[in-house]
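# Overview (structure and organization)
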Amino acid sequence: MTAPVSEEMNCKMFVELVTDLIEGRLVASVRLEAEAHLDDCHGCTAYLQQMRHTIAGLRALAVSEDFPRTRERAIAVFAELRGGSSAD
Amino acid sequence: MAGARPSDEGALVEALRRGDEAAFAQLVDELNGPLTRLALAHVPSRAVAEDVVGDTWLGVIRGIDDFEGRSSLRTWIFQILLNIARTRGKREKRALPFSSLRRRDPEGRDEPAVEPSRFEGPRGEYPGHWARPPVEWQAPEERLATEAARDVMLGAIAKLPERQREVLTLRDMLGYSAEEARNALDLSETNQRVLLHRARSKVRAALERYFEEAEA
């Protein structure tokens, strides 16, 4: 995905580079091309924004999840099968 | 996060082997949520995911004496979970609505991030440029927090091939770094990025449809 591109950057190519761009994994020459493309292209600018919102939305999905039932059970099983020394 | 701390890892393994309950509780606090989330990438319900996590901890408790340190402790635990979750997921597959949606290439290397019809063809005025460009989403933060948007995201995640779902779960939902996700899932750097790219692209496409319908 990060191979330097010989043709001029277009939108179809940009959408395949966007993850590497966000991850900071593009080689410098391709990153500069991608940034130059963004300067001229509203569609790809909106696309990059949408991708960032998608990542934020996914992150928000999982926060505040708590699974107390498995936690207590695991600790009880540990105490039963191996317990003995407690470090408090 | 699943911080790799190789220096204390030996001490932690020793503590677990001698039955140090506080050390085990701390490990559970760190990993229980991520493990449950990852289990949910394979099985259809929270109840089944919790069973998988319970069996995983049991495997850790029973297996810690045989842990050889060939991978990190956390990688070893994630691999136990994935083995149980994948097996259990196959058994439960009939219950999943998306079982028929298997892709030809499970890693999705040949899948475009965006429908090719969104771009101008080779005979267009600007080949490879947007024919129907994406537009800015209105009030994205508020709208992404709604129940409807959450359902869209969860629906898109449910349709992903399993490896893509695993990577997306760790990277984007749990906020793991690329390296942490690679270690947990035992993936190469390239595969990790390809899987993440395909998975995110599909969730974005689903959200784009949702925003377009809402604005239409």
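Check the entry above for the structure.
Per chain, the residues get numbers from 1 upward, laid out in the order the sequence is written. All chains are assigned letters beginning at A, and all ligands numbers beginning at 1, according to the order in which they are written. Residue-level local features of this predicted model are given only where pLDDT is at least 70; pairs of side-chain atoms are given and counted only at 80 or more, and the full residue set underlies all totals for whole chains, interfaces and linings. Heavy atoms from the whole structure form the basis of all side-chain values; hydrogens and water molecules are not counted.

### Digging into the overall build of chain B
Runs of E in the DSSP output that reach at least two residues are strands. Runs of H or I that reach at least four are helices, and both are numbered from the N terminus. Each helix and strand counted, chain B has nine helices and zero strands in total. Helices and strands appear in chain B in the N-to-C order α-α-α-α-α-α-α-α-α. Categorising residues by exposure relies on relative accessible area from a 1.4 Å probe, with only protein chains included: less than 20% of the type maximum marks a residue as buried, more than 50% marks it as exposed, and the intermediate range marks it as partly exposed. Per-residue burial over chain B gives 52% buried out of 216 residues. Whether two residues are in contact is decided by their heavy atoms, any of which lying within 4.5 Å being enough. Restricting the contact set of chain B to residue pairs at least 6 apart, pairs at least 24 apart contribute 69%.

### Concerning the overall build of chain A
In terms of helices and strands, chain A carries four helices and zero strands. Counting from the amino terminus, helix and strand elements in chain A follow one another as α-α-α-α. Counting every position in chain A, which comprises 88 residues, the buried fraction comes to 42%. Each accessible area is a Shrake-Rupley estimate made with a 1.4 Å probe; only the visible protein chains count as cover when residues are assessed. Taken as a whole, chain A presents about 4,600 Å² of accessible surface, with 52% of it coming from carbon and sulfur.

### As for the packing of helix H3 (residues 42–62) of chain A against helix H6 (residues 147–159) of chain B
Packed helix pairs are characterised by how far apart their axes lie and by the angle those axes make with each other. The angle between two axes is taken between their N-to-C directions and runs from 0 to 180 degrees, where each axis is a line fitted to C-alpha atoms and a helix contributes only its stretch in contact. Axis separation between H3 of chain A and H6 of chain B bottoms out at 10 Å; the angle between their running directions is 95°. Relative to H6 of chain B, the element H3 of chain A is oriented roughly perpendicular. Facing H3 of chain A, whose interface residues are Gly57, Leu58, Ala60 and Leu61 of chain A, H6 of chain B presents Arg150, Met153, Leu154 and Ile157 of chain B. Counted by class, the contact of H3 of chain A with H6 of chain B contains six nonpolar, one polar and one charged residues. Should an angle lie under 35 degrees it is considered roughly parallel, over 145 roughly antiparallel, and from 65 to 115 roughly perpendicular; all remaining angles are considered oblique. In the scheme used here, Gly and all other residues not listed as nonpolar or charged are polar, with Ala, Val, Leu, Ile, Met, Phe, Trp, Tyr, Cys and Pro taken as nonpolar and Asp, Glu, Lys and Arg as charged.

### Comments concerning the environment of Val60 of chain B
All names here are of chain B. Mapped onto the secondary structure, Val60 falls in helix H3 (residues 46–63). Overall, the relative accessible area of 2% leaves Val60 in the buried class. In this structure, Val60 is in contact with Trp76, Ile77 and Ile80, ignoring residues within four places of it in sequence.

### Notes on the interface of chain A and chain B
At the junction of the two partners, chain A supplies 51 residues and chain B supplies 67 residues. What gets called buried area is simply the loss in accessible area from a 1.4 Å probe that two parts show on being joined, summed for both. Buried area between chain A and chain B, summed over both chains or domains, comes out near 4,900 Å², and the portion from carbon and sulfur atoms is 61%. Salt bridges, as used here, are contacts in which a Lys or Arg side-chain nitrogen is within 4 Å of a carboxyl oxygen on Asp or Glu. For the pair chain A and chain B, the interface holds eight salt bridges. Note that Arg25 of chain A is salt-bridged to Glu189 of chain B, the shortest N-O span being 3.1 Å. Any N or O atom pair separated by 3.5 Å or less is treated as a polar contact, with the protein-specific requirement of one donor-capable and one acceptor-capable atom, and with residues adjacent in sequence counted only for side-chain atom pairs. At the boundary of chain A and chain B, one finds 22 residue pairs in polar contact (both at pLDDT 80 or more).

### A short note on the environment of Ala74 of chain A
Within the secondary structure, Ala74 of chain A sits in helix H4 (residues 68–81). A residue is classified by how much of its surface remains accessible, and Ala74 of chain A, at 5% relative accessible area, is buried.

### Quick look at the nonpolar core
Take the buried Ala, Val, Leu, Ile, Met, Phe, Trp, Tyr and Cys residues and link them wherever side-chain atoms come within 4.5 Å; each set so joined is a nonpolar core. Judged by nonpolar contacts, the single largest core of 62 residues is most densely connected at Phe24, Trp57, Leu73, Ile77 and Leu170 of chain B. Broken down by element, the residue count for this core peaks at nine residues, all from helix H2 (residues 21–40) of chain B. Listed in part, the 21 residues of the second largest apolar core include Leu17, Val18 and Ala34 of chain A together with Ala113 of chain B.

### A look at unusual backbone geometry
Residues and elements named next belong to chain B. Unlike most non-glycine residues, Ala139 shows phi in positive territory, near 45°. As for its position among the elements, Ala139 is in the loop between helix H4 (73–92) and helix H5 (140–144). Residue classification places Ala139 among the partly exposed residues on the basis of a relative accessible area of 35%. A positive phi angle, close to 60°, is found at Asp186, a residue other than glycine.

### Re H3 of chain B
A helix is expected to reach a length of 1.5 Å times the quantity of its residues less one. The first and last C-alpha atoms of H3 of chain B sit 25 Å apart over 18 residues, in line with the 26 Å expected at 1.5 Å per residue. Where H3 of chain B is buried, its residues contact H4 of chain A together with H2 and H4 of chain B.

### Some thoughts on the pattern of salt bridges
This model, assessed by the stated rule, comprises 26 salt bridges over all chains. For Arg71 of chain A, the salt bridge is made with Asp29 of chain B, and the minimal N-O distance between the two is 2.4 Å. Remark: Asp29 of chain B occurs in helix H2 and Arg71 of chain A occurs in helix H4; the pair is interchain, linking two chains. For Arg71 of chain A, a relative accessible area of 24% puts it in the partly exposed group. Overall, Asp29 of chain B belongs to the partly exposed group, its relative accessible area being 47%. A cluster of three or more residues bridged by salt bridges with shared partners is formed by Asp20 and Arg25 of chain A together with Arg182, Glu189 and Arg193 of chain B.

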